[in-house]
Structure formats: C-alpha cells, structure tokens
Amino acid sequence: MTKFKYAVVHGRFQPFHDEHLAYINWARTWGDHLFVGITNFDRYSIKEESASQHRHTALANPFSYWERSLMVKDSLLEAGFAPTEFTIVSLPIEAPEKWPEFVPTDPSEAVHLLRIFSAWEQEKANRLRHANYRVISENCDEKLLSASDVRIQIAKNEYKTLRVPPSVKYWLRNFNAANRINELMELEEKTYI
C-alpha cells in the first residue's frame, strides 16, 4: 500500500457517529496527515442533490459547522489522534473544482478516500475523479449505522444505546440536541400536512 502525505475524508457528520470514526481510522492508514472535510457547512446554501434525496433538508442538517467541528475534533482526540495528525476544514462537496482552496488535491501528495454505500457516494467519487483527484474507494455492502437513525435515537433521548463516541454524547447534551431535532421533526411534519 502506498502511503501519501495527505489523506482526505469528508462527510456531513450530522452527527459524528461510530461508523464515521471507523471510516476515518481506515483513511488514516493512507496518509501521514488527515484532512477531515465537513460538507454542508453553510446550512443556508445547501442545494438539493438528485443522488441523495434528503441531504439538503433541515432535519438532516440539525448541527452547525462549528458544532460538528467540536464533535469530530474531540472524537479524534479521544480515539488517540494527536492534534498535529489532523485538520478539520469546511468542504464544498458540490464544487470539487474549489477544493484546492480547502484541502490538498495534488495527486502526487493527496488521496481522497470514500466508502461507497449508495449512488450518492458513487456520485461524489465520480466528481472527484472527473476533477483529476486521486481517489481510493471501498465498496461496502450496507451501512451498519446511519445518521438518520442516530438522530431518531437522539430525539427519543436514547443516549445509553447511541452509537457515537463519548465526547459526541457530551456535545449532543450540551447542544440540547433532542429538543432541536424534535422541533425540526415537528416542522417537517407540518410541511407535509
């Protein structure tokens, strides 16, 4: 396996959960320094994507960029990452041509890593390849954990069985996430009535 100077991962992390941590641990083996891109960083300018029907909704994006940054940072530190091993950035997934402003993209130094679970992940991999970035993807049969399911558990205050790192539980409680998600669920229900 070739190890690169930089490994780049990305996700919405709404919220950051155990499968996200597994993804980052896998990506970590590919580079000396890890860039973690947080997508949908500006919740007021999210565009609908045909390959992912829900990623633009308010309910699918309850946490701000800075809240997710805290969850990711503390989870990685808790998992044994040194602060100098990773950098958290915002990342406009809809515009790979802008990525050189946010993350390393030189194919001789950087590799972009994705786990493919659906048409949406495949679409992202295609966009990155089209922009001439080096991409390594791993096809996965199914997601073992989805952020949608995690958000439902949060709304029900099921923190004991929540499959998120301990620091994420701390931040979710600190952000009063259960109330926020319940309010968004009620708002979404009213929209469809």
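Residues numbered from 1 in each chain as written. Predicted model: local features only at pLDDT ≥ 70, side-chain atom pairs only at ≥ 80, totals over all residues. Heavy atoms only, no water.

**Q** Quick question: what am I supposed to make of the overall build of the protein here?
**A** A count of helical and extended segments in the protein gives 6 helices and 5 strands. Along the protein, helices (α) and strands (β) appear in the sequence β-α-β-α-β-β-α-β-α-α-α when read from the amino end. At 16 Å, the protein has a C-alpha radius of gyration in line with the 16 Å of a compact globule built from 193 residues. Its C-alpha atoms give the protein principal-axis dimensions of roughly 50 × 35 × 30 Å. The buried share among the 193 residues of the protein stands at 52%. (Helix = DSSP H or I, 4+ residues; strand = E, 2+ residues; numbered from the N terminus. Rg over C-alpha atoms; globule rule 2.2 N^0.38 Å. Buried < 20%, exposed > 50% of the residue type's maximum accessible area, 1.4 Å probe, protein only.)

**Q** Got a minute to help me understand the packing of aromatic side chains in this structure?
**A** On inspection of all chains with the given rule, the structure shows 9 aromatic pairs. Ring plane angle 75° and centroid distance 5.7 Å describe the contact between tyrosine 6 and phenylalanine 35, whose orientation is recorded as edge-to-face. Pair noted here: tyrosine 6 is in strand S1 (residues 4-11) and phenylalanine 35 is in strand S2 (residues 31-38), with a separation of 29 residues, a long-range link. According to the relative accessible area criterion, phenylalanine 35 is buried, its value standing at 13%. Joined through ring pairs, the aromatic side chains of Trp66, Tyr170, Trp171 and Phe175 make up one cluster. The ring of tyrosine 159 carries the charged tip of arginine 173 above its face, separated from the ring centre by 4.5 Å. (Phe/Tyr/Trp six-rings, centres within 6.5 Å; stacked < 30°, edge-to-face > 60°. Lys NZ or Arg CZ within 6 Å of the ring centre and 35° of its normal.)

**Q** Explain the pattern of salt bridges to me, please; I cannot follow it from the model alone.
**A** Oppositely charged side chains are able to pair whenever their charged atoms sit close together. As enumerated under the stated definition, the model contains 6 salt bridges in all. Across the salt bridge formed by lysine 73 and aspartate 74, the nearest N and O atoms sit 2.7 Å from each other. Classification of lysine 73 by relative accessible area gives partly exposed; the value is 33%. The salt bridge partner of glutamate 123 is arginine 127, with a shortest N-O separation of 2.9 Å. In this pair, glutamate 123 and arginine 127 both sit in helix H3 (residues 119-130), 4 residues apart, roughly one turn of the helix. (Salt bridge = Lys/Arg side-chain N within 4 Å of Asp/Glu carboxyl O.)

**Q** Would you take a moment to explain the nonpolar core for this structure?
**A** Most often, soluble globular proteins keep nonpolar side chains buried together rather than apart. Ranked by internal contacts, the top residues of the largest apolar core, which has 39 residues, are Leu34, Leu113, Ile154 and Leu172. If you list the elements that add at least two residues to this core, you get S1, helix H1 (18-28), S2, helix H2 (65-78), strand S4 (110-116), helix H4 (147-155), helix H5 (166-174) and helix H6 (177-192). Considering each element in turn, this core owes the most residues, 5 residues, to H1. Each residue touching leucine 172, except ones within four places of it in the same chain, is listed here: Pro15, Phe63, Met71, Ile154, Tyr159, Leu162 and Ala177. (Core = buried A, V, L, I, M, F, W, Y, C linked by side-chain atoms within 4.5 Å. Contact = heavy atoms within 4.5 Å.)

**Q** Hey, could you run me through the environment of arginine 12 in this one?
**A** Mapped onto the fold, arginine 12 is located in the loop between S1 and H1. In this structure arginine 12 comes out as buried when scored by relative accessible area, which is 16%. Expressed as a C-alpha distance, the spacing of arginine 12 and methionine 71, which sit 59 residues apart in the sequence, is 12 Å. At 2.5 Å, the side chain of arginine 12 and the backbone oxygen of alanine 60 are in polar contact. (Polar contact = N/O pair within 3.5 Å; in protein donor to acceptor, adjacent residues only side chain to side chain.)

Read these as spatial facts, not as claims about activity.
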